[in-house]
Amino acid sequence: MKSENADSAVSTAPAEPTPNVDGDGLEDGEVEPSKGPPLPGRTLADQTLGSHPDNLGDGTNKEEEVEASASTHPVILSGNLVAPPDLPEAELVTSPNTPLGPDNFPEVRSAKYKRIFEDEKAGRVCFRLAHNDGTMENLSLLSKLKTVIQAQLPKMPREYIARVVYSREHYSYVVVREGGEVVGGITFRPFIARKFAEIVFLAVLSMSQTAGYGARLIAHFKDYVREAFDTQHLLTYADNLAIGFFKKQGFTSEISLEKSIWVGYIKDYEGATLLQCTFFTKVKYMEIYSIYAAHRKAVFEKIKEASLSHVAYPGLDAFKKGAKKVDPMEIPGLKDSGWRPEMEEKPRGSAEGRGPMYRMLFQLLIELRENPSAWAFREPVSGVADYYTIITHPMDLATMEGHLKDGKYETYEAFQADFSLIIYNAKKYNEETTNYYKAACKLDRYCKERAKQLISDFGIIQIQHT
C-alpha cells in the first residue's frame, strides 16, 4: 500500500552538498550531505523508506570506513550481549486449559512470531548481513534485496536503489528463506564515530508482510548493529502510514539525540517524520519475549503478595437450601476484597457507577472514531451548502459521544439507531462510487462485527442486535 502523497511526489535534482565545518567524523575536504528533496514512492511498513542520493560514492568517511571493517567478510555477532539478570529462557506457550497464575504463565508471543521462531530454529529461515565486499554470495543477496525494494517502491528510481544497496558505505541485513530466497531486509548506514546508524530502506515482500518477518528482522538487526558497530541509536524517516509500525518496534518521534550529532549527516524530508530508537543496554532484543514473560511473572507474584485475588472460594449453597437472599457481607472473600455496601449507593452518573452497557458502548465508540473509515463521520458536516437541505436528521460520532455521556443510550438498540442514521445519511447524500459511500459501508460492517464481540466480552445479555 502506498502513502497518499506517493502519486503527487515530485522528483527534483538534489541540493548541492555543503562543506563540513565541525570536523568531527569527516576528513578534510569531504562534504556533508545537505537537505534534499523528498523521494517518491514510500510504502507502508513493513516498508521501504527514502534516503539520500547525494550521500554516497565519493564522500566516503575514511575514519568510519576503517572502523566499520568493510572487509571481505561480514562482521559476525560474538553472542555476548547481556540480558537482564535472572531471566528465564524462552518458554513455550502453556496449554489453553492450564489456569493462569504466578507460577504458570504463558509467554506473550503471537502465533505468527512463534512460526518464524520455529522456522528459524529448524533452519528454514535465517537473518544475516550482506555487504558489497566483492564476494559472489553477498552480491547475490544484495541483488535479490534490490529486487524486493524495487517491487515495494515502483516509483523510486531503480538506479538510485541500486546505488544505495551496492554502496560500500551501506550494509544490508536480510531475511533469507530456504533455497536462498530473500523476502526482505534493512539497508542502513552506520556512523560509528557518532554512535548511531540510519535506516535507509526497510522492505518486506507484500506476500510476507503479515507473517511477522518485519518485527523479527528488526529484533535481529538491533542486536547486530549494536554489537558490530557499537551503535546506541537508530534514526530513520517514515511517512504517516509507517509511523505506527516503527513505534511498535520501539521508535519515537521525540528526538533526544543532540542535533549536532546527526544534522547534516542524514536528510530531512517534507511529509516524513524523523524517528529515533535508543537501545537499552542490558536488553537482548531477540530474547524480548522471554523478558516480557519474566516481567509478567514478577507482576503476578507482586499481586499475590498484595491481594487474595489468586484464592478460589467455594460457591454459595444457601440458595440450594431454600434461602431467598444472602447478606453480601457473608459471601466468602467479598469483605476481604474491600467491598462495602455503600459502594452500591454511588450516583449512577459517576465513573464508578457506570454499568457494563455504558463501558461497552464507550469502548465501541472509541474504536469507531479511530477506525480509518471514520474520517468523514467523526464531526458534524460543515462547508457543504445543500447538505442540511437534503439531510434533515444529521448525525455524527462526536454527537453520539455527547449522547452517551448524557445517558441517552441505555440499550444497544438506542446506540445503533443513531449509528445507523450516520450510515443512512452518507448513502443518501453520496453516490455509490464515492469514497464517502464506500467508507460508510466499511464502517458499518466493522461496527456490526466489533459490537458482537464486545457484547460477548462485557457479558451483555438480552440484547437484540440487528
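As annotated in an unreviewed UniProt entry, the protein chain is histone acetyltransferase from Powellomyces hirtus. For the protein chain, the Sequence similarities (unreviewed entry) comment in UniProt is given as "Belongs to the acetyltransferase family. GCN5 subfamily."

Peer 1: Mind showing me how you'd approach the pairing of strand 6 (residues 196-204) here?
Peer 2: Each regular strand shows side chains that alternate between the opposite faces of the sheet. Here strand 6 lies mainly inside the structure; nine of its nine residues are buried. Relative to strand 6, strand 5 (residues 181-191) is paired through eight bridges, and the arrangement is antiparallel. Residue pairing across strands places G184 opposite V204, the latter belonging to strand 6. What sits between strand 5 and strand 6 in their antiparallel hairpin is a turn of four residues, with K195 showing a positive phi close to 65 degrees. Examined bridge by bridge, strand 6 and strand 7 (residues 233-238) share three bridges and lie parallel to one another. Pairing of E198 across the sheet is with L235, part of strand 7.

Peer 1: For this particular structure, what's the right way to read the packing of helix 9 (residues 356-370) against helix 12 (residues 412-429)?
Peer 2: In a packed pair of helices, the relevant descriptors are the angle between the two axes and the axis-to-axis distance. In contact at an axis separation of 11 Å, helix 9 and helix 12 are set at 20 degrees when each is read in the N-to-C sense. The pairing of helix 9 with helix 12 is recorded here as roughly parallel in orientation. Our pair here, helix 9 against helix 12, has a crossing hand that is right-handed. On the side of helix 9, the interface is formed by M357, M360, L361, L364, L365 and L368, while helix 12 contributes Y412, F415 and F419. Looking at the contact of helix 9 with helix 12 residue by residue, the classes come out as nine nonpolar, no polar and no charged.

Peer 1: Please clarify how the sheet that holds strand 5 should be interpreted in this entry.
Peer 2: Strand pairing in a sheet is mediated by backbone hydrogen bonds. Such pairs are either parallel or antiparallel. The mixed open sheet is built from six strands, whose spatial order is 3-4-5-6-7-8. The sheet terminates laterally at strand 3 (125-130) and strand 8 (273-278), the two strands that pair on one side only. Taken over all neighbouring pairs, the strand axes of this sheet differ in orientation by 25 degrees on average, direction set aside. In terms of strand pairing, strand 4 (residues 171-177) meets strand 5 through seven bridges, oriented antiparallel. Counterpart to R177 in the pairing with strand 5 is E181. Running over the sheet, helix 3 (residues 136-152) touches strand 3, strand 4, strand 5 and strand 6 and is turned about 100 degrees from strand 5. Those strands touched by helix 5 (residues 213-229) are strand 3, strand 4, strand 5, strand 6, strand 7 and strand 8, and its axis lies near 35 degrees from that of strand 5.

Peer 1: Help me understand helix 5 in this model?
Peer 2: Since the α-helix turns once every 3.6 residues, residues separated by three or four places project in the same direction. Taking 1.5 Å per residue, 17 residues should reach 24 Å; helix 5 reaches 23 Å between its end C-alpha atoms and fits that length. In terms of burial, helix 5 is a largely internal element, 14 of the 17 residues being buried. Of the residues flanking the end of helix 5, it is D230, one or two places downstream, whose phi is positive at about 55 degrees.

Peer 1: How do you make sense of the nonpolar core when you look at a structure like this?
Peer 2: Looking at soluble globular proteins, one finds that nonpolar side chains tend to be buried together. Counting residues in hydrophobic clusters, the biggest one holds 38 residues, and the most contacted among them are I186, F188, F221, V225, L234 and F246. The element best represented in this core is helix 5, accounting for eight residues. In contact with I186, not counting residues within four places along its chain, are Y171, S172, Y173, I199, F201, L202, L217, I218 and F221. Judged by nonpolar contacts, the second largest core, of 28 residues, contains M357, L404, L443 and I460.

Peer 1: Help me out: how do you make sense of unusual backbone geometry in this one?
Peer 2: A negative phi angle is the norm for most residues apart from glycine, just as the trans form is the norm for most peptide bonds. A positive phi angle, close to 65 degrees, is found at K195, a residue other than glycine. Along the chain, the position of K195 falls in the loop between strand 5 and strand 6. On the basis of relative accessibility, which here comes to 29%, the residue K195 falls in the partly exposed class. One non-glycine residue with positive phi stands out, namely D230, at about 55 degrees. As for its placement among the helices and strands, D230 is situated in the loop between helix 5 and strand 7. Overall, D230 belongs to the partly exposed group, its relative accessible area being 40%.

Peer 1: Got a minute to help me understand the pattern of salt bridges in this structure?
Peer 2: Side chains bearing opposite charge may pair, as long as their charged atoms lie close to each other. For the structure shown, the criterion picks out 13 salt bridges. For D230, the salt bridge goes to K195, with nearest N and O atoms at 2.3 Å. Of this pair, D230 sits in the loop between helix 5 and strand 7 while K195 sits in the loop between strand 5 and strand 6, and the two are 35 residues apart along the sequence.

Calculation criteria
- Residues numbered from 1 in each chain as written.
- Predicted model: local features only at pLDDT ≥ 70, side-chain atom pairs only at ≥ 80, totals over all residues.
- Heavy atoms only, no water.
- UniProt positions renumbered as here; feature names shortened; annotations may be inferred.
- Buried < 20%, exposed > 50% of the residue type's maximum accessible area, 1.4 Å probe, protein only.
- Helix = DSSP H or I, 4+ residues; strand = E, 2+ residues; numbered from the N terminus.
- Pairing = 2+ DSSP bridges.
- Axes fitted to C-alpha atoms, helices over the stretch in contact; angles between N-to-C directions.
- Parallel < 35°, antiparallel > 145°, perpendicular 65-115°, else oblique.
- Left-handed = near helix turned anticlockwise from the far one by under 90°.
- Contact = heavy atoms within 4.5 Å.
- Nonpolar A, V, L, I, M, F, W, Y, C, P; charged D, E, K, R; others polar.
- Expected span 1.5 Å × (residues − 1).
- Core = buried A, V, L, I, M, F, W, Y, C linked by side-chain atoms within 4.5 Å.
- Salt bridge = Lys/Arg side-chain N within 4 Å of Asp/Glu carboxyl O.

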